[in-house]
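Inside the fold
Spelled out from the first residue to the last, the chains are:
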Amino acid sequence: MSPRGALSIYILIRSMSSIFLNLSNACLLPICSLHGAAVTTVEGVGSTKARIHPVQERVAKCHGTQCGFCTPGMVMSIYTLLRNHPEPTLDQLTDALGGNLCRCTGYRPIIDACKTFCKTSGCCQSKENGVCCLDQGINELPEFEEGNKVSEIPKLFSEEEFLPLDPTQELIFPPELMVRQMTLKELLEAKENPQAPIVMGNTSVGISNHTALFTNDFILGLTLGAGLSLAQVKEILAEVIQKLPEEKTQTYHALLKHLGTLAGCQIRNMASLGGHIVSRHLDSDLNPLLAVGNCTLNLLSKEGERQIPLNEQFLTKCPSADLKPGEILVSVNIPYSRKWEFVSAFRQAQRQQNALAIVNSGMRVFFGEGGGIIRELSIAYGGVGPTTICAKNSCQKLIGRPWNEEMLDAACRLILDEVSLPGWAPGGKVEFKRTLLISFFFKFYLKVSQILKTMVNGTDRVLSALEDLHSRNHWGTSKYQDVDPKQLPQDPIGRPIMHLSGIKHTTGEAIYCDDMPVLDGELFLAFVTSSRAHAEIVSIDLSEALSLPGVVDIVTEEDLRGVNSFCLLIEPEKLLETQEVSCVGQLVCAVVADSEVQAKQAAKKVKIVYQDLEPVILTIEEAIRHHSFFQGERKLEYGNVDEAFKVVDQILEGEIHMGGQEHFYMETQSMLAVPKGEDQEMDVYVSSQFPKYIQVTWVAATLKVPANKIMCHVKRVGGAFGGKVTKTGIMAAITAFAANKHGRPVRCILERGEDMLITGGRHPYLGKYKAGFMNDGRILALDVEHYCNGGSTLDESLFVLETGVLKVDNAYKFPNLRCQGWACKTNLPSNTALRGFGFPQSGLITENCITEVAAKCGLSPEKVRMMNMYKEIDQTPYKQEIDATNLIQCWKECMAMSSYSLRKVAVEKFNSENYWKKKGLAMVPLKFPVGFGSTAACQAAALVHIYLDGSVLVTHGGIEMGQGVHTKMIQVASRELRMPMSNVHLRGTSTETVPNANVSGASLVADLNGLAVKDACQTLLKRLEPIISKNPKGTWKDWAQAAYDESISLSATGYFRGYETHMNWETGEGHPFEYFVFGAACSEVEIDCLTGAHKNIRTDIVMDIGHSINPALDVGQIEGAFIQGMGLYTIEELKYSPQGVLYTRGPDQYKIPAVSDVPTELHVSFLPPSQNSNTLYSSKGLGEPGVFLGCSVFFAIHDAVRAARQERGLLGPLKLDSPLTPEKIRMACEDKFTKMIPRDEPGSYVPWNIPV
Ligand SMILES: Cc1cc2nc3c(=O)[nH]c(=O)nc-3n(C[C@H](O)[C@H](O)[C@H](O)COP(=O)(O)OP(=O)(O)OC[C@H]3O[C@@H](n4cnc5c(N)ncnc54)[C@H](O)[C@@H]3O)c2cc1C
Ligand code: FES
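Residues numbered from 1 in each chain as written. Chains lettered and ligands numbered in written order. Predicted model: local features only at pLDDT ≥ 70, side-chain atom pairs only at ≥ 80, totals over all residues. Heavy atoms only, no water.

**Concerning the overall build of the chain**
The following threshold applies: Comment: elements are numbered from the N terminus, with helices defined as DSSP H or I runs of at least four residues and strands as E runs of at least two. Throughout, radius of gyration means the C-alpha value; the globule benchmark is 2.2 Å times the number of residues raised to the power 0.38. Relative accessible area decides the class of each residue, using a 1.4 Å probe on protein chains only: under 20% of the type maximum gives buried, over 50% gives exposed, and in between gives partly exposed. Here, Shrake-Rupley sampling with a 1.4 Å probe gives the accessible areas, and only protein chains in the shown set may cover a residue.
Counting secondary structure elements, the chain contains 38 helices and 43 strands. A compact globule built from 1252 residues should have a C-alpha radius of gyration of about 33 Å, and the chain, at 31 Å, falls within 12% of that. Each of the 1252 residues in the chain was classed as buried or not, and the buried ones make up 64%. Of the accessible surface of the chain, which amounts to about 45,500 Å², a share of 52% is contributed by carbon and sulfur atoms.

**Here's the deal with the state of the cysteines**
Condition: Throughout, disulfides are identified as pairs of cysteine sulfur atoms within 2.5 Å of each other.
Within the structure shown, the criterion is met by 0 disulfides. For the unlinked cysteine Cys-395, the closest cysteine sulfur is that of Cys-390, found at 8.4 Å. Here Cys-1089 stays unpaired: no disulfide links it, and the sulfur of Cys-1229, its closest cysteine neighbor, is 4.1 Å away.

**Remarks on the sheet that holds strand β28 (residues 765-773)**
To keep it simple, the criterion reads: Strands are treated as partners if at least two bridges between them are detected by DSSP. Note on method: axes are straight lines fitted to C-alpha atoms, helices fitted across the in-contact stretch only, with angles between N-to-C directions ranging 0 to 180 degrees. In this analysis, two residues are considered to be in contact whenever any of their non-hydrogen atoms come within 4.5 Å of each other.
Within the open sheet, the 5 strands sit side by side as β22-β30-β29-β28-β23. Their pairing is mixed. Strands with a single pairing partner mark the edges of an open sheet, and in this sheet they are β22 (634-638) and β23 (650-658). Each adjacent strand pair in this sheet contributes to an overall mean axis angle of 10°, direction not counted. Bridge analysis of strand β29 (residues 779-791) against strand β30 (residues 816-825) gives 10 bridges, and the strand direction is parallel. In the strand pairing of β30, Tyr-787 is matched with Trp-822. Here helix α26 (residues 797-806) sits on the sheet and contacts β22, β28, β29 and β30; the angle it forms with β30, its principal contact strand, is near 160°.

**A short note on helix α16 (residues 430-452)**
Just so we agree on the cut-off: For a helix, the expected span equals 1.5 Å multiplied by the residue count minus one.
For α16, with 23 residues, the first-to-last C-alpha span of 33 Å sits near the 33 Å given by 1.5 Å per residue. Along α16, 19 of the 23 residues are buried, which leaves the element largely enclosed by surrounding structure. One or two positions beyond α16, positive phi appears at Lys-453, with a value near 55°.

**A short note on the packing of aromatic side chains**
Keep this limit in mind: Classification of ring pairs rests on two measures: the distance between centres of Phe, Tyr or Trp rings, Trp counted by its six-membered ring, which must be within 6.5 Å, and the angle between planes, read as stacked under 30 degrees, edge-to-face over 60 and tilted in between. Only when the NZ atom of a Lys or the CZ atom of an Arg is both within 6 Å of the ring centre and within 35 degrees of the ring normal do we say a charge sits over the ring.
If you walk through the whole model with that rule in mind, you get 32 aromatic pairs. Note on Phe-367 and Trp-403: the rings are 5.6 Å apart at their centroids and 85° apart in plane angle, and the pair reads as edge-to-face. In this pair, Phe-367 is assigned in the loop between β10 (357-366) and β11 (376-382) and Trp-403 in the loop between α14 (392-398) and α15 (405-418), connecting sequence segments 36 residues apart. With respect to class, Phe-367 is no different from Trp-403; both count as buried. Taking 6.3 Å as the distance between ring centres and 35° as the angle between the ring planes, the aromatic pair formed by Phe-629 and Trp-822 counts as tilted. Residue Phe-629 is located in the loop between α21 (620-626) and β22, and its partner Trp-822 is located in strand β30; the two are separated by 193 residues in the primary sequence. Among the aromatic residues, ring-to-ring pairing joins Phe-342, Phe-367, Trp-403, Phe-441, Phe-442, Phe-444, Tyr-445, Tyr-915, Trp-916 and Phe-1233 into one connected group. Positioned above the aromatic ring of Tyr-665 is the side chain of Lys-724, whose terminal nitrogen or guanidinium carbon lies 4.5 Å from the ring centre. Here the guanidinium or amino end of Arg-752 rests over the ring plane of Phe-664, the centre of that ring lying 4.4 Å away.

**Focus on unusual backbone geometry**
Glycine aside, residues mostly have negative phi angles, and peptide bonds mostly take the trans form. The amide bond that connects Glu-614 to the next residue, Pro-615, takes the cis arrangement and shows omega of -10°. Mapped onto the elements, Pro-615 comes out in the loop between β21 (607-612) and α21. With a phi angle near 60°, Ala-1002 is a residue other than glycine that sits in the positive phi range. For Ala-1002, the position within the fold is in the loop between β37 (989-990) and α32 (1005-1030).

**A word on helix α30 (residues 900-913)**
Stated formally: Here the arc refers to the directions that run from the helix axis out to each C-beta atom.
Look at α30: 20 Å from first C-alpha to last across 14 residues, which is about the 20 Å you get at 1.5 Å a residue. Looking only at α30, the buried set comprises Tyr-900, Arg-903, Lys-904, Val-907, Phe-910 and Asn-911. Axial view of α30: buried residues confined to an arc of 125°, hence all on one face. Of the exposed residues in α30, those oriented more than 90 degrees away from the buried face are Val-905 and Lys-909. Those residues of α30 hidden inside the fold are in contact with α28 (861-868), α29 (885-897), β33 (917-930), β41 (1075-1088), β42 (1094-1104) and α36 (1191-1207).

Here it is, written out as structure tokens:
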């Protein structure tokens, strides 16, 4: 079973009365819980050997896979849904995908594939006011200019060729499916053993089946069996509220609301109501509601039945109010609500779906017959204490008061007093949490007032606080130019060809490093890492670890004597550190054992004694204070900045801080080193972007053997984004060392938490700027300082910094510009390359400055952007020529496509009509220079063989990491050799076939390797042309045989020497880039000023990508990068303790965008190609540019926050840092509630986390 398929499986369970399918997370399922169930993984759904299932086919053909690592999980989610609902609604489909994550695609193509199963596809399926998305846009504005109707746009896939879904052809239940036999009596007997926990969904600890646990009845309210899954509870509640009068179902409505966002459907399918209640998590969504809803728990033990209330005592585990040993929870009674009783649920999380609440709440008020006087009031909160907290005293004091504004004011003060959070509270975000406590109560106040019609200041503007953020079904369009009608039909260049591995991704047949079968004698390696940010290692005690069964060795610095140090650029680094550690997560030693479990257990038993050292520098500000920088300040100067400042109308100074980003590639760092047993040869299979580096710089150097003894092979990589270069090399070297020492294969696969801790990510940045501008918005002088947080070692920090400095102008001609940059040396894990390489940070700093200039001039940021943009032919600050015609064209097209002007007016109208909800609209331009800065770094090679049966094998130096480079290379070979793509094969990347290949990165992989493949194919064709012309009707088999007979070589290497690029940092001049990718993006958002939530309503992107080689892959790169950028600028937040420990070490704490975060409308359009260039078929590299466009969402939120502040009379400068999380949005929308909360004196406490 593929490990990726294992992420989501479905299980068939025959319960007492029915058979049901459950989508589940395999990692949480104890194998014993599957007794009586049939389990299907993605391999069982369909395969290339048997029959591909329509779900697998459509996800692949709709281009819903890139690296493919997440794909089996996606397939299982859709498949299970279709088995339960053959014609699902779009809501059901997006809900089904809510528990899955994809880091590559941006979800739109996966949603597209899903839509093909819905009854109506191709539109939003929303018929609000009788119009659907295709008729009318969100602001009731036309979506497209005339002549641009969706129907006229060439499609990226053709629905006509899809296999039909025939539910009658699905797998049938195995007849041996058994009913589980455990009885309640047996369960109670088992419970006599106090060590025996009940395991239900196992989502909390990590039962069985009896009617009482799984039924529901309606005596005195709804009694739900404790064994019901949360998904079943959701279904029951949805049915119940249809049948009962609304006044009886207040609590059920509220529960249902939270069940819609609680985790993903996999967890809801597994987690039981009883397990949820009994585990009493601090952030439980349901317990606050059940507590205010006066629920009763029905317990059973051998002594008999009893009832206890689900109240504060139970929630705080007070022994007198808790379950006794031997007792189980059988069911929960949720009483009906009464007339004049109102219940509401509130929650705010970092991400809309599948994220634990930062704060949640259940609130209930009962007035008795009329009068509006409070008779009962209950308020409970989650997320603000060790368990659910009830504001009991506050509620008590408010009884007897009328429901009016005085009561609201008193309630807020009482709540803040009772539910007090210290400044150091775990989880941080303390002021935000305090604000949410009373913001939620205000929402409740408004809601009830609206029903009671007692609102004194009740206007429609205020009631917007109650509406949920706009949620309609997703739809998107992709507009590209079809190939020239004269192009030969078999020529695939320019056509939307499916990813070469698409079907294998969806069937789980694609092999990744950890899928490789276990080899004879294989060992596993686990790292021991430092737990201190800066300390001397006093001693390391390996004895206990070494004594554990299965442990073979522990590799330390001592073993690596003579090869432990390396120098990537100018600063020496070590592979393993046993003297002085400089960050938490630094590699100290590595345990080698017979199995993964043994290695990891032993790694925990290595005892390290530290002596802490000073200083501990974690933040950029601390680094500046300590003057802690890596060597190599970078500076770029153009014009005369100081003189220009003397003539401008206004000068502003500002700064913006930008947090880092985790790569979150789905496949964690993985490697397998296999000693060959003779001549010191070793094969290394690794998930890396840079095999040559692994082979030469790391493994060969560490083993002290020539590089020709080491073969490094990469079949495919499950996502990389820049994170599989440096750290991968270090870990591969240590793994290979262990393999060599023991003469046995050694595998090392990092767990997600280890991976996030060890490998670093995108550099946090601090940008300081001083802009001199005229009152009309023209910026004449810009002086910028960039500081990036490089972490403890240099890694690629200087390159990142250089890129940021070189790209500081983004799309603007600043006649006088100075930019200086420093890489800060801190005690954090070393940061490294991440998609965009400094540009997403640098671009944000510049755009933020422009936004501030616009505010000072009283102009829209878009006007100031346009005014300062490059126009036609010009010169960059490093004096490279630039033709900006297509930049302006993208901007204009984006303005038109997004109906910017009309929507700007509509946004302003919305804002004037709504006080608590605001919309924002922003458009940003993009100039992304592409190149590596040196010709040598751009060289590439390929090897093409023609075999005697006429088939062709292509090899090149690029790595397939989801971007589809292998697919593009086969398209190139197919065009050049004029043969069908099916005749060409590509097996992977290896240092044996193409030596000395450059790193796969910087958007250039297809560009460079494509030119090499083209070169090899042209060489072959030239050799074969005489043979082909002699027998023009022959087949490739005939020609290959004839060539062989004439002793003509059927194998050729291809080479591309690299673009002529260079940069002189002494003079600040050069030609570091080959070309520029231009683009523009316009985004619209809506924010909830009371909670800080935001919804991405719509994004329009226009890109100038030259002549696309494969529009499907190129759209995929743009959308995927855009969504990754959107995550970077809005929700992805790394949190470090004041001691330098990374808290955010997994998907539960670190939130990347999920399907619910994709803009409701996403339109991507390519500018018609206008210029030919010397790139591969005049195409452009697109891997990275789209990331920056995600900041259009940042600035749209900025726009909305500014609107809120203006309305509240806050007209001064607005400083918003990135990521613009719910916390930052809420706290920036200052109001009477933010003024009411207690604030802690800075320095009076140690905060839980610090911004770095
Ligand atoms: C990825 C993920 C996301 C999540 N997101 C959310 C979220 O957004 N909001 C939220 O509120 N929660 C969330 N949760 C928590 C989830 O709701 C709980 O883990 C789940 O409800 C627990 O139920 P279970 O059946 O899995 O319990 P188990 O793990 O099986 O058991 C939990 C505890 O309850 C005891 N127990 C279980 N049943 C009984 C019984 N009948 N009688 C007596 N004792 C019993 C067990 O012995 C154990 O001590 C999330 C969990 C995961 C893993
Ligand atoms: S294709 Fe989804 S994570 Fe790569």
